Amino acid sequence: MKETHDGTTPPDTAGLRLSKIKTTAAGIPAAVSSLNHGIRKMGLTKTVRTLLMVNQKDGFDCPGCAWPDPEHRTSFEFCENGAKAVADEAMKAKVDATFFQKYSISDLLEKSDFWLNSQGRIAQPMIRAQGSTHYQPIDWDDAFDLISEEIQSMSHPERGVYYTSGRTSNEAAFLYQALVRALGSNNMPDCSNMCHESSGKALTETIGIGKGTVHLEDFNHADLILVIGQNPGTNHPRMLTALRDAKKRGAKIISINPLPETGLQRFKHPQDYMNGDFRSTQLADLFVPVRIGGDAALLKGIMKVLLDTGALDTSFIENKTIGFDQFRASLDKYSWDEIVHDSGIERTLIEEIASLCDESNATIACWAMGLTQHRNGVAVIQEVVNLLLLGGHIGRKGAGVCPVRGHSNVQGDRTVGIWEAPSESFLQKLEEGLNFSIPRKHGYDVVHAIHAMEQGNVDVFISMGGNFLSATPDTKRTAIGLQKVGLTVQISTKLNRSHLITGETALILPVLGRTEIDLQESGEQFVTVENSMGVVHRSKGNMKPASTSLISEPTLVAQLGVRLCPDMLPWREFMKNYDNIRDLMERSLNGFNDYNHRVRETNGFLLPNPPRDSCEFKTESGKASFSVHPLPDVNITDGHFVLMTIRSHDQYNTTIYGLHDRYRGVHGNRRIVFMNALDMSERSLKTRDIVHMKSHFNGTVRESQNWIVVPYEIPRGNLAAYFPEANELVPLDSTAHISNTPTSKWIEVSLSTSDASIIEEE
Ligand SMILES: Nc1nc2c(c(=O)[nH]1)N[C@H]1C(S)=C(S)[C@@H](COP(=O)(O)OP(=O)(O)OC[C@H]3O[C@@H](n4cnc5c(=O)[nH]c(N)nc54)[C@H](O)[C@@H]3O)O[C@H]1N2
Ligand SMILES: Nc1nc2c(c(=O)[nH]1)N[C@H]1C(S)=C(S)[C@@H](COP(=O)(O)OP(=O)(O)OC[C@H]3O[C@@H](n4cnc5c(=O)[nH]c(N)nc54)[C@H](O)[C@@H]3O)O[C@H]1N2
Ligand SMILES: [Mo]
């Protein structure tokens, strides 16, 4: 038996420095930070050359996030986040055979996530043989043969699980899902299950499409933009430019967030300095410091005011929607006391928001993880839809829903078939193209996959990108599950903890990144991606690959296809020229007609979106539907807190770029718990005191030691800590209704100090 490990992240040893919370986002510090990251990791010339190719028409799609590019681009279409993502990928390949000889897996388990990522790109395929303490090199052919043998010897296709993260191109993702379906399963959990799954489910049910309905241009025509549960200054910095431009045209912006996130206060576009403009722009007109989980109450409050005193779009409601009467009646049930208590927002502020909504002829609602990662994630998004439907703000210029996606191709991956629960209509079209029959039984999502692993029901786990161990909830349980798998395969660019907590046998297969030249038999290839607003476009790397042993993701999948199901698809043709993959995609997917031609157009093409294109709703009733949901129960045990897990300014999900959360003024240490100063003083806690946290769910308790308390402007009774360190506190079975998304923003916790006494309110 090999030794097991609990999978949690050891703390960085650096000390903690606190600085003033920033009030202006981007500006010179962002430009300096981007360049520093670049120059440190890839040198000056490469930094400049690489950054100038980001999001250009013939360049690569920024791996930073899924925010769309404007049609008229400047040479400055990247941001601090993108610059860091690019620099991080363009690192030298130093994680090679010598590296793994030097460090045993136990040695590496002692290192922090920051350290692991800083070691550079993975240079060659490696294997951890059963019982071995070290990884050793393996040839590509041997690796493919091993995977194929293991898959072929499974007693049932469902004993294989195939995860996908959201950077994978459309071409690679399409081939991957075709391979998995050819093998007889839909076991394709993906990062979306932990991310915007709630948005997809909520929108499909109410407006007939699981995506947003606005285009970037709509921001130029909006009167009001709501930004709910999203921190664009850190996670989608290019969105701030769109917000600033909207603002300059007179739009109002409301930020609904427990934290006063810097990016939504003031913004300075770094490029403006070049034009001699030194002013920054105030963004949010209203900041609404809702309690964690209080959005449903807040939205009901706003809608109550609108129904009482606002002007509704009665013709839209009559002609385009169903369920209005029940919805209207349902709001009578909620008293203002309940709404104010649950949301944490005074009635006057709610009325102020309602009057801005009422005055607006075109409202866009943007949101991200602050809504999706809650038990009522689907329901609360449907409240957002209700709000927009009241004023007819869907299918109108300058208005609509805008779930802001995370990973740069997470939306595209789902469009091309990375979907554990595919619809019948999707499968029918797919079968037409692929020409083999596809199983109908739905596969595992992320949470179900972890359960299956725990129960010993998984023989092979393949991860197309990502960091399954650290991104998923309940780290210790996931670690136990992963260690019960026979073979785990990580297809990766950088070292992470999922390479260290493995099945009996483990492979690391290193691939080309977005920024790199992909040369195949027919010449240099490009791939395609879909951004958050449904635009499909090309991405082509221009850098020399980090190592000669790297292969592309589409090639990797095709190599497995050649071995596992050679007669089902022309895998070798796919490797030679990716146009051949796109031809098959055209036949297998709706909306991809003339794919190879249209994707070569300068700005790519837009996928069909009936609500946006023609105010049509492809729901069962043919109309958009109002939804009726009860208020979620936001009560917790006295003395407990609600903890949300959030991203710092110096990380990309589980990839830790550095230890500076610059906007929030926290440096050098990530094991921080943000707390309201009044809550601290009531519990006699001082800045930098160490506390332990226990999370409570359905009678089960999880513990995590040694968190440093930092006072912050956060509602009373609420706490915040960084993901992925805090993931060990997220209970696996605490998930959103319908979407099954882990509730990473709602974790009930109690605190204790070193002497183990529970800290109670005085
Ligand atoms: N630099 C960088 N960019 C990224 C990423 C990254 O890690 N780093 N990750 C990418 C990915 S995959 C994603 S999904 C996106 C994530 O982008 P975000 O969703 O912006 O990321 P989070 O840090 O999870 O922040 C959620 C925000 O919701 C707020 N919030 C939490 N609970 C509630 C609540 O109950 N109500 C309301 N109204 N607000 C709440 C938090 O205070 C926080 O501001 O970013 C993408 N871009
Ligand atoms: N507690 C808590 N947990 C969360 C969240 C939260 O807010 N709180 N957020 C959730 C969300 S929104 C998401 S999207 C998930 C993210 O979950 P994942 O997508 O699984 O995690 P990442 O950290 O983005 O994956 C990073 C790894 O991807 C690999 N990689 C990077 N680029 C490439 C590439 O081009 N190709 C390949 N093959 N590999 C590549 C690198 O090896 C890197 O180490 O985490 C979720 N987990
Ligand atoms: Mo995400």
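All figures in this text were calculated on a predicted structure; none of them were measured in a lab.

**Q** Account for the site of ligand 2, naming residues and giving values.
**A** Lining the immediate environment of ligand 2, one finds 30 residues, of which Tyr 163, Ser 165, Ala 471, Glu 553 and Thr 654 sit closest. Between ligand 2 and Tyr 163, the relevant distance is 2.7 Å, taken from an oxygen atom to a side-chain nitrogen or oxygen of the residue. Gln 373 is positioned with one of its side-chain polar atoms (N or O) 3.2 Å from an oxygen atom of ligand 2. In isolation ligand 2 has 920 Å² of accessible area, and contact with the protein removes 96% of it. For the shell around ligand 2, the per-class residue count stands at 10 nonpolar, 15 polar and five charged.

**Q** Lay out the site of ligand 1 with the relevant residues and their values.
**A** Among the 31 residues in the neighbourhood of ligand 1, the closest are listed as Asn 257, Glu 261, Asp 295, Gln 651 and Asn 653. Taking Asp 295, its side chain carries an N or O atom lying 2.6 Å from a nitrogen atom of ligand 1. Those elements giving two or more residues to the shell around ligand 1 turn out to be helix H10 (232-235), helix H17 (369-372), strand S25 (641-646) and strand S26 (651-652). The residues that make up the shell around ligand 1 include at least three from each of domain 2 (197-403) and domain 3 (641-752).

**Q** An account of the nonpolar core is requested, with residue identities and associated values reported.
**A** Counting residues in hydrophobic clusters, the biggest one holds 61 residues, and the most contacted among them are Phe 174 and Leu 507. Considering each element in turn, this core owes the most residues, eight residues, to helix H8 (residues 170-182). Residue contacts for Leu 507: discarding those within four places in its chain leaves Met 126, Ile 127, Ile 138, Ala 143, Leu 146, Ile 147, Leu 487, Thr 488, Val 489 and Gln 490. If you look at the next biggest cluster of nonpolar residues, it comprises 56 residues, including Val 288, Phe 327, Ile 339 and Ala 624.

**Q** Break down the pattern of salt bridges for me, citing the residues and quoting the values.
**A** One pass over the structure, following the stated rule, counts 41 salt bridges. Between Asp 285 and Lys 247 there is a salt bridge, with its nearest N and O atoms 2.7 Å apart. Pair noted here: Asp 285 is in the loop between strand S11 (281-282) and strand S12 (286-288) and Lys 247 is in helix H11 (residues 237-248), with a separation of 38 residues, a long-range link. Classification of Asp 285 as partly exposed rests on a relative accessible area of 32%. Of the charged contacts, one joins Lys 540 and Glu 524 as a salt bridge, the two residues approaching to 2.8 Å between their closest N and O atoms. Within this pair, whereas Lys 540 is found in the loop between strand S22 (535-539) and helix H24 (553-564), its partner Glu 524 is found in strand S20 (residues 523-524), the two being separated by 16 residues in sequence.

**Q** Please set out the sheet that holds strand S6 (residues 136-137) residue by residue, giving values where relevant.
**A** Within the open sheet, the six strands sit side by side as S6-S5-S18-S17-S16-S7. Their pairing is mixed. Every interior strand has two partners, whereas the edge strands, S6 and strand S7 (160-164), have only one. With three bridges connecting them, strand S5 (residues 126-128) and strand S18 (residues 505-510) associate as antiparallel partners. When the sheet's bridge partners are listed, Met 126 is paired in S18 with Ile 508. On top of the sheet, helix H7 (residues 140-152) reaches S5, S7, strand S16 (460-464), strand S17 (487-492) and S18; it is set at about 130 degrees to S18, its chief contact.

**Q** Describe the sheet that holds S22, with residues and values.
**A** Pairing is antiparallel in the open sheet, where three strands are placed in the order S21-S22-S23. This sheet does not close on itself; its edge strands, each paired only once, are strand S21 (527-530) and strand S23 (605-606). As paired elements, S21 and S22 share four bridges and run antiparallel to each other. The residue bridging Thr 528 from the neighbouring strand is Arg 538, located in S22. Lying over the sheet, H8 contacts S21 and S22, oriented at roughly 90 degrees with respect to S21.

**Q** Got a sec to walk through the domain arrangement of the chain? Specific residues and values, please.
**A** Considered domain by domain, the chain is made up of domain 1 (93-190 + 417-597), domain 2 (197-403) and domain 3 (641-752). Once you take the C-alpha centre of each, domain 1 and domain 3 turn out to be 31 Å apart. On the domain 3 side, the residues contacting the 19 residues of domain 1 number 20 residues. Summed over both partners, the interface of domain 1 with domain 3 buries about 1,600 Å², with 54% contributed by carbon and sulfur atoms. At the junction of domain 1 and domain 3, the tally comes to three salt bridges. For Arg 477, the salt bridge is made with Asp 733, and the minimal N-O distance between the two is 3.6 Å. Connecting domain 1 to domain 3 are 12 residue pairs in polar contact (both at pLDDT 80 or more). It is helix H21 (residues 446-454) that contributes the most residues to the side of domain 1 that touches domain 3, five residues altogether. Of the residues belonging to the side of domain 1 that touches domain 3, the class tally is five nonpolar, seven polar and seven charged.

**Q** Outline the packing of helix H12 (residues 295-309) against helix H14 (residues 324-331), supporting the account with residue identities and numerical values.
**A** Interhelical geometry of H12 versus H14 gives an angle of 110 degrees and a closest axis separation of 10 Å. By the angle between their directions, the pair H12 and H14 is classed as roughly perpendicular. Counted together, Lys 300, Met 303, Lys 304 and Leu 307 of H12 and Phe 324, Phe 327, Arg 328 and Leu 331 of H14 form the full contact between these two elements.

**Q** Which residues make up the packing of aromatic side chains, and what are the values?
**A** Centre-to-centre distance and the angle between the planes together describe a pair of aromatic rings. All chains considered together, the criterion is met by 18 aromatic pairs. On the basis of an interplanar angle of 75 degrees and a centroid distance of 5.6 Å, the ring pair of Trp 67 and Phe 219 is categorised as edge-to-face. In this pair, Trp 67 sits in the loop between helix H2 (44-51) and helix H3 (80-89) while Phe 219 sits in the loop between helix H9 (197-207) and strand S8 (224-228), placing the two residues 152 residues apart along the sequence. A residue is classified by how much of its surface remains accessible, and Phe 219, at 1% relative accessible area, is buried. Ring geometry for Phe 99 and Tyr 103: centres 5.0 Å apart, planes at 50 degrees, overall tilted.

**Q** Please give an account of unusual backbone geometry that cites residues and values.
**A** Both trends apply: most residues other than glycine have a negative phi, and most peptide bonds are in trans. Note the cis peptide between Phe 723 and Pro 724, where omega equals 5 degrees. The topology assignment puts Pro 724 in the loop between strand S33 (718-722) and strand S34 (747-752). The phi dihedral of Asp 594 is positive, around 55 degrees, even though this residue is not glycine. Looking at the secondary structure, you find Asp 594 in the loop between helix H26 (578-588) and helix H27 (595-598). Judged by relative accessible area, Asp 594 falls into the partly exposed class, the value being 39%. For Ile 738, which is not glycine, the phi torsion reads 75 degrees and is therefore positive. Secondary-structure assignment places Ile 738 in the loop between S33 and S34.

What counts, and at which threshold
Residues numbered from 1 in each chain as written. Chains lettered and ligands numbered in written order. Predicted model: local features only at pLDDT ≥ 70, side-chain atom pairs only at ≥ 80, totals over all residues. Heavy atoms only, no water. Near = heavy atom within 4 Å. Polar contact = N/O pair within 3.5 Å; in protein donor to acceptor, adjacent residues only side chain to side chain. Areas by Shrake-Rupley, 256 points an atom, 1.4 Å probe, with all protein chains shown as cover. Nonpolar A, V, L, I, M, F, W, Y, C, P; charged D, E, K, R; others polar. Helix = DSSP H or I, 4+ residues; strand = E, 2+ residues; numbered from the N terminus. Domains from an automatic or database assignment. Core = buried A, V, L, I, M, F, W, Y, C linked by side-chain atoms within 4.5 Å. Buried < 20%, exposed > 50% of the residue type's maximum accessible area, 1.4 Å probe, protein only. Contact = heavy atoms within 4.5 Å. Salt bridge = Lys/Arg side-chain N within 4 Å of Asp/Glu carboxyl O. Pairing = 2+ DSSP bridges. Axes fitted to C-alpha atoms, helices over the stretch in contact; angles between N-to-C directions. Buried area = accessible area lost by both parts, 1.4 Å probe. Parallel < 35°, antiparallel > 145°, perpendicular 65-115°, else oblique. Phe/Tyr/Trp six-rings, centres within 6.5 Å; stacked < 30°, edge-to-face > 60°.

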